[in-house]
Amino acid sequence: MPSKRSSGTAIDSIRPSALQPHKHVVLPVMFRLIYTCGLRPGEARVLPANNVYLDSGEILITETKRSRDRMIVMSEDMRTLCADYNEQRKVLSPDSPFFFPGTDGKAFASATISREFCKCWAKANPEEVQQCYIMTGFHTATEGTLEIPLMKGISPELMEVNT
């Protein structure tokens, strides 16, 4: 995960949630694998556990953007991290076919990966601009002036910086 500051601390600060009580175990390893091996997030998200060869440090990527299989080789540090993580994975989700399973054993949702990555990035790079999109309902002008109450229904927490 690229960052001007130490994003390792931000990655390691991921906390479990009611819906994803194991994400603090799974996502730090996934993000490091994405960054160190050049995987696309979607490739890591659906990576089959049986395509990760921990003895040799190789990963077979089959769900690729261009539909061409490729072999990736992990660094020794990454291989060791994945081997340690794999022992936890077998306990947390023993029947899942995915190397990075969600709580239900299925692949994490793309939105979850994106949201958690953005939180880590914001935590590691607080000086960078963060965007908040405020969506309103549809409004139709019935007279000469159209007034749209932008902040109606927006909670103050939405306007705070992500941490």
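Small disclaimer: the values here were computed from a predicted structure and weren't measured. (Residues numbered from 1 in each chain as written. Predicted model: local features only at pLDDT ≥ 70, side-chain atom pairs only at ≥ 80, totals over all residues. Heavy atoms only, no water.)

Caption draft 1: Looking closely at the sheet that holds strand S1 (residues 52–53). On the basis of which strands lie adjacent, the open sheet formed by three strands has the order S1-S2-S3 and antiparallel pairing. Bordering the open sheet on either side are S1 and strand S3 (70–73), each of which pairs with just one other strand. Here two bridges tie S1 to strand S2 (residues 58–61), and the two strands are oriented antiparallel to one another. For Val-52, the partnering residue across the bridge sits in S2 and is Ile-59. (Pairing = 2+ DSSP bridges. Helix = DSSP H or I, 4+ residues; strand = E, 2+ residues; numbered from the N terminus.)

Caption draft 2: Highlighting the nonpolar core. Counting 31 residues, the largest nonpolar core has Leu-33, Met-74 and Phe-100 as the members making the most contacts within it. For this core, the secondary-structure elements that each account for two or more residues are helix H1 (7–11), helix H2 (23–37), S2, helix H4 (76–92) and helix H5 (110–124). Per-element tally for this core: the top contributor is H2, with nine residues. Excluding residues within four positions of it along the chain, Met-74 makes contact with Leu-33, Cys-37, Val-52, Leu-54, Gly-57, Glu-58, Ile-59, Arg-79 and Cys-82. (Core = buried A, V, L, I, M, F, W, Y, C linked by side-chain atoms within 4.5 Å. Buried < 20%, exposed > 50% of the residue type's maximum accessible area, 1.4 Å probe, protein only. Contact = heavy atoms within 4.5 Å.)

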